[in-house]
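A structural walkthrough
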Amino acid sequence: MLDVCLLGTAGMMPLPYRYLTSLMTRYNGSSLMVDCGEGTQVAVKKAGWSFHPVDVICFTHYHADHISGLPGMLLTMGNAERREPLTLIGPKGLQRVVSALRVIAPELPFEVRCMEIGEPEQVFRLHGYKITAFMVRHNVPCYGYTLEIERQGRFCVEQAQRHGIPKNYWGILQKGDTVQYDGQLFTPDLVMGPPRKGIKLTYCTDTRPTEALVKNASGADLLICEGMYAEPEKLAKAKQYKHMTFYEAAQTAKAAKVKELWLTHFSPSLVHAEDYMPKVHEIFANAHLGKDGKRIELNFEEE
């Protein structure tokens, strides 16, 4: 199970009823965050979640509304007696940006590890997550993220018995390790079936529509995508500032054949966003407005 919480939905500046855009997920005792703008700490507290198990923070880009909350977050994690290393992932320049922000958070009781994305698409495997960072189209280097919880195939008892592998070695093979027994080397592929469908979540803000987004969101259980503007007359503004409209996000969800779409990263000027949803539903029926604190549990498919 992957527990998902949309901490904030505002773009550019926080509002009394919208924190800045941030996402948090929990899986198998480890939490991951995407972006950390001003007010993210308050959003975490309001959601009733904890800072302590956050092991990874991914950054889409380095505009202030996506990273300015990091120094306070680091200090809070330190005050919560965290000792385990924290991994930060982001576009090139991450080390420089984090070092500058840490001028006001210099003393921490844990190590901060920076992993800079060096390719248009790059995969990281950390704490049970497969994290795919993919470049999108904003006015500065910017990445979207696909988070996957992979699921291995079923263990085949008949195959294990046919190869004469003792039961006390089955668990080792199930974990992906090889076994040497009675002069023979046994590998996991001898007893494991093909991989089963896992859980897939794609998160993307601050971009124009791109093929990279459609490709990486393909078949996702949930796509959380920016919809900076809803008013049809603001399409030109969306193109100018490299953002998306509600309708472009819906078209992306349709093209990627995702199961569900949440819209986020709304312009401060956007009010009564729900009034624009009927037109969105004409394009993609299972679309929803993101709201601060909106949560969902994504589970493996039953077989």
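Residues numbered from 1 in each chain as written. Predicted model: local features only at pLDDT ≥ 70, side-chain atom pairs only at ≥ 80, totals over all residues. Heavy atoms only, no water.

**Describing helix 1 (residues 40-47)**
Along helix 1, the residues that are buried comprise Thr40, Ala43 and Val44. Summarising the axial view, the buried residues of helix 1 lie within an arc of 100°, below the 170-degree limit, and thus occupy one face. For helix 1, the exposed residues lying more than 90 degrees away from the buried face are Lys45 and Lys46. On its buried side, helix 1 packs onto strand 1 (2-8), strand 2 (22-27), strand 3 (30-34) and helix 3 (70-79). Of the residues trailing helix 1, glycine 48 is marked for its positive phi of about 80°. (Buried < 20%, exposed > 50% of the residue type's maximum accessible area, 1.4 Å probe, protein only. Helix = DSSP H or I, 4+ residues; strand = E, 2+ residues; numbered from the N terminus. Arc of directions from axis to C-beta. Contact = heavy atoms within 4.5 Å.)

**Some thoughts on the nonpolar core**
Core analysis: the largest hydrophobic core is formed by 30 residues, its most contacted members being Leu213, Leu223, Phe246, Val258, Leu261 and Leu263. Those elements that provide at least two residues to this core are helix 7 (211-217), strand 13 (222-226), helix 9 (246-256), strand 14 (261-264), helix 10 (277-283) and strand 15 (287-289). With 6 residues, the single largest contributor to this core is helix 9. Leu6, Val56, Ile149 and Ile296 belong to the second largest nonpolar core, which has 28 residues in total. (Core = buried A, V, L, I, M, F, W, Y, C linked by side-chain atoms within 4.5 Å.)

**Digging into the sheet that holds strand 4 (residues 54-58)**
Taken together, 7 strands build an open sheet; the order of strands is 6-5-4-3-2-1-16 and the sheet is mixed. Edge strands, defined here as strands with exactly one partner in the open sheet, are strand 6 (112-116) and strand 16 (294-298). For this sheet the average axis-to-axis angle between neighbouring strands, irrespective of direction, equals 20°. Both strand 1 and strand 2 contribute to a ladder of 5 bridges, which runs antiparallel. (Pairing = 2+ DSSP bridges. Axes fitted to C-alpha atoms, helices over the stretch in contact; angles between N-to-C directions.)

**With respect to the side chain of lysine 130**
Structurally, lysine 130 is set in strand 8 (residues 129-135). A relative accessible area of 18% places lysine 130 in the buried class. With residues up to four places along the chain from it excluded, the contact list for lysine 130 reads Val123, Phe124, Arg125, Thr146, Leu147, Glu148 and Glu150.

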